[in-house]
Amino acid sequence: MHADTQNLSTKASQKIHSPLHQFEIKALMPLHIGKYDVSFTNASVFMVLTVLFILIFFTGALHKKRIIPTKFQLMAEMLYGFVAQQLEETAGKEGKIYFPFVFSLFLFILGANLLGMVPYAYTVTSQIIVTFSLAMLVFVVITCVGILRHGRDFITYFMPSGVPKVLFPLIVPIELISYLSRPVSLSIRLFANMMAGHTMLKVFAIFTVVMGMWGVAPLVLNIVLTVFEIMVAILQAYVFTILTCIYLHDAIHLH
Amino acid sequence: MDVQAAKMIGAGLAVVALMGVGIGIGNIFSSLISAIARNPSARDQLFPIGLLGFALTEAVALFALLIAFLILFL
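Computed from a prediction, not measured in an experiment: that's the story for all the values here. (Residues numbered from 1 in each chain as written. Chains lettered and ligands numbered in written order. Predicted model: local features only at pLDDT ≥ 70, side-chain atom pairs only at ≥ 80, totals over all residues.)

A. Examining the overall build of chain A more closely. Counting its regular elements, chain A contains 8 helices and 4 strands. For chain A, the succession of helices and strands along the chain, N to C, is α-β-β-β-β-α-α-α-α-α-α-α. Across its three principal directions, the C-alpha atoms of chain A cover 70 × 55 × 45 Å. In chain A, buried positions account for 30% of the 255 residues. (Helix = DSSP H or I, 4+ residues; strand = E, 2+ residues; numbered from the N terminus. Buried ≥ 20, exposed ≤ 12 C-beta atoms within 10 Å, placed from the backbone.)

Right, dumping it as structure tokens:
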């Protein structure tokens, strides 16, 4: 991004891109199956890169397991331990079998968010379709877990215990709507965070260009914001994971 | 009224929601600080909960910011 602003200031007459220009999807390998467009785009490249990055990191860190861990092995173990602890604290002992699902979800979102902070990289999680697919996956898995574990009793999920029967016509629709709106809120939270953050960085970068000499002030602010954005990237991956754990707890134990 | 001017006013109005978010985040951290001050040994358990509350509240601010951006740039 820094080089981008320098480039722009040297050619002041050049049109400045809109801050939303960074989210544009370009098809690198156009591909159509029937009437569906399944082109390999710049977003797909970064999804593949995220997965490759995670794979290389973990195989590199853990290919030789040592008693005295190397730095990378320590990082991998910390990540594993962190998610395992969160899962056990929120979803309980029965939730442990869902660890691979939760851990890969956490790693993918964390990897995509952090990879998006690299200048010129594309932030995959700033596309609502990506986050919505992830949230929908969580929603379907959790509904399946609830139904497989409890069968017909899953209905009681929408009837909190201790509520008088008279209130059921009011409570059940509310519970149902709040259950169905989970994938929406889960996906919009991640998407809005990443998109608003990256747009904000670009808006301040444009200020730097436009303000000339005084552009130092927004540049300093941009450096602070970059640190903040890295924090948000980690925090949002954590929030997505912890909410998945909380939903898992609800599905396993009902109310 | 000029459409561009109306867009600017709309974007300004959209971020009024930040007022509530400011109060909310202030509340979260003030409670977190007073809780830790009362029982410093509970810090490790309270801090992640505080961060979770912060992230959930901050998301509301970002929804408003998103709407403002959409009005301004689309």
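B. Spotlight on the nonpolar core. Core analysis: the biggest nonpolar cluster contains 50 residues, and A:F106, A:I109 and A:L248 have the highest contact counts within it. Where this core is concerned, the elements lending two or more residues are helix 2 (42-62), helix 3 (71-91), helix 4 (99-116), helix 5 (128-150), helix 7 (182-210) and helix 8 (216-253) of chain A together with helix 3 (43-73) of chain B. Here this core gets 12 residues from one element, more than from any other, and that element is helix 8 of chain A. Look past the residues within four positions of A:F106 in its chain and what remains in contact with it is A:V83, A:A237 and A:T241. (Core = buried A, V, L, I, M, F, W, Y, C linked by C-beta atoms within 7 Å. Contact = placed C-beta atoms within 7 Å.)

C. Main features of the interface of chain A and chain B. In this assembly, 13 residues from chain A lie in contact with 10 residues from chain B. Secondary structure elements with two or more residues in the side of chain A that touches chain B: helix 7 and helix 8 of chain A. Examining the composition of the side of chain A that touches chain B, we find that 6 residues originate from one element, helix 7 of chain A, more than from any other. For the side of chain A that touches chain B, the class distribution of residues is 8 nonpolar, 4 polar and 1 charged. (Nonpolar A, V, L, I, M, F, W, Y, C, P; charged D, E, K, R; others polar.)

D. Region of the structure containing the environment of A:S18. Residues and elements named next belong to chain A. Tracing the backbone shows S18 in the loop between helix 1 (2-10) and strand 1 (27-29). Classification of S18 as partly exposed rests on a count of 16 C-beta atoms within 10 Å. Through-space distance from the C-alpha of S18 to that of I206 is 9.0 Å; in sequence the pair is 188 residues apart.

E. Inspection of unusual backbone geometry at higher detail. Even without being glycine, A:Y120 reaches a positive phi, approximately 75°. Its location among the elements puts A:Y120 in the loop between helix 4 and helix 5.

F. Quick look at helix 1 (residues 3-14) of chain B. Look at helix 1 of chain B: 16 Å from first C-alpha to last across 12 residues, which is about the 16 Å you get at 1.5 Å a residue. Counting buried positions along helix 1 of chain B yields 0 of 12 residues, so the element is predominantly exposed. (Expected span 1.5 Å × (residues − 1).)

G. A look at the confidence of the model for chain A. Residues and elements named next belong to chain A. For chain A, mean pLDDT is 86; residues scoring 70 or higher make up 94% of the total. Taken element by element, the predicted model of chain A shows its lowest mean pLDDT in helix 1 (47) and its highest in helix 4 (94). This model gives residues 4-13 a pLDDT under 50, and the stretch forms 8 contacts once residues within four places in sequence are excluded. (pLDDT = per-residue confidence, 0-100.)

H. Fine view of the environment of A:L248. All names here are of chain A. By secondary structure assignment, the location of L248 is in helix 8. Distance in space between the C-alpha atoms of L248 and G95 is 7.1 Å, their sequence separation being 153 residues. Ignoring any residue separated from it by four or fewer positions in sequence, one finds L248 in contact with A91, G95, Y98, I142 and V145.

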